[in-house]
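Chain by chain, the residues:
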Amino acid sequence: MATAIYLEHYLDSIENLPCELQRNFTLMRDLDNRTEEKKGEIDKLAEEYVVKVKNFASEQRVEHLQKIQNAYSKCKEFSDDKVQLAMQTYEMVDKHIRRLDADLARFENELKEKLELSGYESTEGRSVKQAETRGLRDKRASRGRAKKASDEDSPKKKKIKNSPELSDALLPMQPSDVLDMPVDPNEPTYCLCHQVSYGEMIGCDNPDCTIEWFHFACVDLASKPKGKWFCPRCTQDKKKK
């Protein structure tokens with residue numbers, strides 16, 4: 001019964017997961033297509049500039065180079081959006097994996113407790129039965145054989161229920177073991193908090209930024225700002241200059 005409840009709750013939680021994943025992958029593919037279009041536009045503008053640069057006035061040169069710069073900025077924006085979607089998709093799947101691990105650990109812990117309780121009750125019942133059988137043997141010798149057969153069966157049942165090998169093989173994990181799983185030491189860290197990537201993140205537009213990516217919450221952001229964004233450290237460095 002407990003298995004069915006855990007399974008039902010977990011299936012309910014992932015009911016919309018395929019649709020959400022498909023949506024994110026579709027958006028990522030769309031961003032790829034738009035980036036490729038912009039790259040083609042940049043190539044054409046660059047070729048045109050190389051061919052006509054000698055005939056351009058200074059204002060025309062600046063205007064043409066500005067068009068190329070704007071196209072590059074748009075490409076970077078599309079790439080940043082794609083990275084954000086990829087991180088959200090990873091976090092979405094990872095959240096469900098962690099919940100499944102936690103549910104499995106809780107279920108196995110409950111199962112272990114039931115097995116231990118069942119084994120305790122079996123031992124108590126066996127002791128009472130042996131005492132009663134010894135009394136009957138003293139009074140009626142004819143019941144000795146029945147008692148022997150019963151005693152031979154009882155330890156076998158107890159051995160199956162109380163087998164430490166079975167309990168240890170099925171239930172080596174506690175819920176806290178899953179919830180406190182260590183982070184992969186090879187996974188890169190980001191942000192001012194020096195933690196791994198999770199949730200929504202934003203990239204600093206300073207190409208020399210040593211950190212590059214920041215969690216929204218750590219830099220007091222609720223949504224992605226329009227235009228260029230610089231992290232607190234880069235902003236402070238600019239003010240000093």
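Anything mentioned here points back to the structure above.
Residues numbered from 1 in each chain as written. Predicted model: local features only at pLDDT ≥ 70, side-chain atom pairs only at ≥ 80, totals over all residues. Heavy atoms only, no water.

Structural notes on unusual backbone geometry
Piece 1. At C191, a residue that is not glycine, the phi angle is positive and equals roughly 70°.
Piece 2. Here C191 is to be found in the loop between α6 (175–179) and β1 (201–203).
Piece 3. For C191, a relative accessible area of 1% gives the class buried.
Piece 4. The backbone of E212 shows a phi angle near 75°, a positive value even though the residue is not glycine.
Piece 5. You can see E212 is positioned in the loop between β1 and β2 (213–215).
Piece 6. Of the residues examined, E212 reaches a relative accessible area of 43% and is grouped as partly exposed. (Helix = DSSP H or I, 4+ residues; strand = E, 2+ residues; numbered from the N terminus. Buried < 20%, exposed > 50% of the residue type's maximum accessible area, 1.4 Å probe, protein only.)

Some words on the pattern of salt bridges
Piece 1. Scanning all chains against the criterion turns up 10 salt bridges.
Piece 2. Where K76 meets D205, a salt bridge forms, and the shortest distance between an N and an O atom there is 3.1 Å. Of this pair, K76 sits in helix α3 (residues 58–139) while D205 sits in the loop between β1 and β2, placing them 129 residues apart in sequence.
Piece 3. Shared partners join several salt bridges into a network, and the residues in it are K76, D80 and D205. (Salt bridge = Lys/Arg side-chain N within 4 Å of Asp/Glu carboxyl O.)

Notes on the environment of N33
Piece 1. Along the chain, the position of N33 falls in helix α2 (residues 17–52).
Piece 2. Separated by 45 residues in sequence, N33 and F78 have C-alpha atoms that sit 9.8 Å apart.

Here we look at the side chain of T35
Piece 1. Position of T35 among the secondary structure elements: in helix α2.
Piece 2. For T35, the contacting residues outside a window of four places in its chain are C75 and F78. (Contact = heavy atoms within 4.5 Å.)

Topic: the layout of surface pockets
Piece 1. Counted as a void, the largest pocket has a volume near 580 Å³.
Piece 2. If you go around the largest pocket, you meet 22 residues; those closest to its centre are K76, E77, D80, G203 and D205.
Piece 3. Of the residues that constitute the lining of the largest pocket, the class distribution is 7 nonpolar, 6 polar and 9 charged. (1 Å grid on protein atoms, 1.4 Å probe; cavity = no way out; pocket = protein on both sides within 12 Å on 5 of 7 lines; lining within 4 Å. Points joined across faces, edges and corners; volume = space filled by probe spheres on them. Nonpolar A, V, L, I, M, F, W, Y, C, P; charged D, E, K, R; others polar.)

Regarding the nonpolar core
Piece 1. Counting residues in each nonpolar core, the largest one holds 11 residues, listed as C191, I202, C204, C209, I211, F214, F216, V219, W229, C231 and C234.
Piece 2. Once residues lying within four places of it in the same chain are set aside, the contact partners of V219 are I202, F214, W229 and P232.
Piece 3. Counting residues in each nonpolar core, the second largest holds 5 residues, with L45, I68, A71 and C75 among its members. (Core = buried A, V, L, I, M, F, W, Y, C linked by side-chain atoms within 4.5 Å.)

Quick word on the packing of aromatic side chains
The description of two aromatic rings rests on the distance between their centres and on the angle between their planes.
Piece 1. Applying the stated criterion across every chain, the model contains 2 aromatic pairs.
Piece 2. Ring plane angle 45° and centroid distance 6.4 Å describe the contact between Y49 and F56, whose orientation is recorded as tilted. F56 matches Y49 in its accessibility class, with the two residues each being buried.
Piece 3. Ring geometry for F214 versus W229: centroids 5.7 Å apart, planes at 70°, classification edge-to-face. Here W229 lies in the loop between β2 and α7 (232–240) and F214 lies in strand β2, a separation of 15 residues in the sequence. Judged on exposure class, the residue F214 and its partner W229 are both buried.
Piece 4. The ring of F230 is capped by K238, whose NZ or CZ atom sits 3.5 Å from the centre of that ring. (Phe/Tyr/Trp six-rings, centres within 6.5 Å; stacked < 30°, edge-to-face > 60°. Lys NZ or Arg CZ within 6 Å of the ring centre and 35° of its normal.)

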